[in-house]
Amino acid sequence: MTPPEDTPEPKTTQTTNTLEDASVGISVQAGSITGGIAFYTLTPDPPPPRQLPRLPATWVDRDADLTVLPVLG
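Just so you know, these numbers come straight off a predicted model, no measurement behind them.

Colleague: Could you clarify how one ought to interpret the overall build of the chain in this entry?
Modeller: The number of helices and strands found in the chain is one helix and zero strands. For the chain, with 73 residues in total, the buried portion stands at 1%. Here the chain has roughly 7,800 Å² of accessible surface; of this, 56% comes from carbon and sulfur atoms.

What follows is the structure, encoded as structure tokens:
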């Protein structure tokens, strides 16, 4: 069967997806999605606390520890 002369040709379309910059996080590029998408990420461990070592029995010879304080700040 041949189509009638007045039937227009089907139009073709082109789709493009680009990700220009470095992505922070998660991105999805898909032509079609059926259903849901779930993203699971792990949170990083918190940094260790910035504190001096435990106090000695007596408060002596802490000069080395005290010099570290400005570096930690």
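Colleague: How should I be thinking about the environment of L69 in this particular structure?
Modeller: Here L69 lies in helix α1 (residues 63–72). Exposure remark for L69: the relative accessible area of 40% places this residue in the partly exposed category. With 17 residues separating them in the primary sequence, L69 and L52 have C-alpha atoms 7.8 Å apart.

About the criteria used
Residues numbered from 1 in each chain as written. Predicted model: local features only at pLDDT ≥ 70, side-chain atom pairs only at ≥ 80, totals over all residues. Heavy atoms only, no water. Helix = DSSP H or I, 4+ residues; strand = E, 2+ residues; numbered from the N terminus. Buried < 20%, exposed > 50% of the residue type's maximum accessible area, 1.4 Å probe, protein only. Areas by Shrake-Rupley, 256 points an atom, 1.4 Å probe, with all protein chains shown as cover.

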